[in-house]
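Structure assessment
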Amino acid sequence: MSFHSESLKRAEEYLKRRNLSMKKEIGGGTQGVVLATTNGTAIKALNDTVCYMRERNIYLRLQECDIGKIGEFNVPRLVSYHDELLVIEMQIVLAPYVLDFASAYLDSEPPYLDDPQIMAEWEREKREQFEDRWPEVKSMMSDFKALGIHLADVKPGNVMFAD
Ligand SMILES: Nc1ncnc2c1ncn2[C@@H]1O[C@H](COP(=O)(O)OP(=O)(O)OP(=O)(O)O)[C@@H](O)[C@H]1O
Ligand SMILES: [Mg+2]
């Protein structure tokens, strides 16, 4: 069975257990399947436990800090989660938003930060992706850092602007 169909099965099981219905599939990235529910929430079924734990723990940190917004960016609020089904249920957000914390580091910096060559190449790529919005993205990243959350996967799709 493919990653996608296996995760989809767990997402459907979660819906059943919570008495929810699926409205539509809104994302099927590399790390999981995302469905919109008839409850106005999104559920993300992760492909593996490591990514699930990472993302769940970050949503728990955001919940502890009562964060629904960072700067101009909406951040989904945690609604519920299921450790066996590897499912995170969160609010649906509209752009501008930042989401997808499955690759983020909590209370520790990514190991590549002190490699100048990697960082220079990363910065070049990000400038190209975000163009004149790059300073806003950088400032948002440092706001997350203040919460102990080190984003490692900022890219269009995970960071969306309203215009
Ligand atoms: N809470 C949400 N509100 C609105 N849209 C969402 C939400 N969660 C996910 N999405 C949509 O689903 C897409 C995929 O979600 P996410 O990035 O979390 O999954 P992923 O598998 O890690 O994706 P990828 O590997 O492509 O980055 C997002 O880019 C976004 O368009
Ligand atoms: Mg993503």
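Going by the structure above, here's the rest.
Computed from a predicted model, the values in this text were never measured in an experiment.

This part takes up the overall build of the chain. When its secondary structure is counted, the chain shows four helices and eleven strands. A compact globule built from 163 residues should have a C-alpha radius of gyration of about 15 Å, and the chain, at 16 Å, falls within 12% of that. Projected onto its principal axes, the C-alpha coordinates of the chain cover approximately 45 × 30 × 30 Å. A burial count over the chain gives 29% of its 163 residues as buried. Residue pairs at least 24 apart in sequence account for 58% of intrachain contacts in the chain once pairs closer than 6 positions are excluded.

The next point concerns the environment of Arg 127. Among the secondary structure elements, Arg 127 is positioned in helix 3 (residues 116–130). Residue classification places Arg 127 among the partly exposed positions, given that 15 C-beta atoms sit within 10 Å. Counting along the chain gives ten residues from Arg 127 to Val 137, while the straight-line C-alpha distance between them is 9.9 Å.

Spatially, 1-2-3-7-6 is the arrangement adopted by the five strands of the open sheet, whose pairing is antiparallel. Of all strands in the sheet, those bounded by a partner on one side alone are strand 1 (22–28) and strand 6 (78–82). Averaged over all pairs of adjacent strands, the angle between strand axes in this sheet comes to 20°, irrespective of strand direction. Where strand 1 and strand 2 (residues 32–37) come together, five bridges link them in antiparallel fashion.

This next bit is on the site of ligand 1. Of all residues adjacent to ligand 1, which total 18 residues, the nearest are Gly 27, Gly 29, Thr 30, Gln 31 and Asp 100. Taken together, the elements giving at least two residues each to the shell around ligand 1 come down to strand 1, strand 2 and strand 3 (41–46). Residues belonging to the shell around ligand 1 are distributed by class as follows: nine nonpolar, seven polar and two charged.

Counting 35 residues, the largest nonpolar core has Ala 11, Tyr 14, Ile 43, Ala 45, Val 75, Val 87 and Val 98 as the members making the most contacts within it. Residue assignment for this core shows that the elements contributing at least two residues are helix 1 (3–17), strand 2, strand 3, helix 2 (49–64), strand 7 (87–91), strand 8 (97–98) and helix 4 (134–145). Contacts of Val 98, omitting those with residues within four sequence positions, involve Ile 70, Phe 73, Val 75, Met 140, Asn 158 and Val 159.

We now examine unusual backbone geometry. A cis amide bond, omega 0°, links Ala 95 with the succeeding residue Pro 96. Its location among the elements puts Pro 96 in the loop between strand 7 and strand 8. Positive phi, close to 60°, is recorded for Asn 19, a residue that is not glycine. Relative to the helices and strands, Asn 19 is located in the loop between helix 1 and strand 1. Residue Asn 19 is classed as exposed on the basis of its 7 C-beta neighbours within 10 Å. The phi dihedral of Leu 86 falls on the positive side, at around 55°, and the residue is not glycine.

What follows covers the environment of Val 75. Mapped onto the fold, Val 75 is located in the loop between strand 5 (73–74) and strand 6. If we skip the residues at most four places from it in the chain, Val 75 touches Leu 62, Ile 67, Gly 68, Lys 69, Ile 70, Tyr 97, Val 98 and Leu 99.

With respect to the helices, strands and loops of the structure, Gly 29 is situated in the loop between strand 1 and strand 2. For the pair Gly 29 and Gly 157, spaced 128 residues apart in sequence, the C-alpha separation works out to 9.9 Å.

To continue, consider helix 1. Look at helix 1: 21 Å from first C-alpha to last across 15 residues, which is about the 21 Å you get at 1.5 Å a residue. Buried within helix 1 are the following residues: Ser 7, Arg 10, Ala 11, Tyr 14 and Leu 15. Around the axis of helix 1, the buried residues are gathered within 145° of arc, so they sit on the same side. Those residues of helix 1 that are exposed and aimed more than 90 degrees away from the buried face are Ser 5, Lys 16 and Arg 17.

Calculation notes
- Residues numbered from 1 in each chain as written.
- Chains lettered and ligands numbered in written order.
- Predicted model: local features only at pLDDT ≥ 70, side-chain atom pairs only at ≥ 80, totals over all residues.
- Helix = DSSP H or I, 4+ residues; strand = E, 2+ residues; numbered from the N terminus.
- Rg over C-alpha atoms; globule rule 2.2 N^0.38 Å.
- Buried ≥ 20, exposed ≤ 12 C-beta atoms within 10 Å, placed from the backbone.
- Contact = placed C-beta atoms within 7 Å.
- Pairing = 2+ DSSP bridges.
- Axes fitted to C-alpha atoms, helices over the stretch in contact; angles between N-to-C directions.
- Near = placed C-beta within 6 Å.
- Nonpolar A, V, L, I, M, F, W, Y, C, P; charged D, E, K, R; others polar.
- Core = buried A, V, L, I, M, F, W, Y, C linked by C-beta atoms within 7 Å.
- Expected span 1.5 Å × (residues − 1).
- Arc of directions from axis to C-beta.

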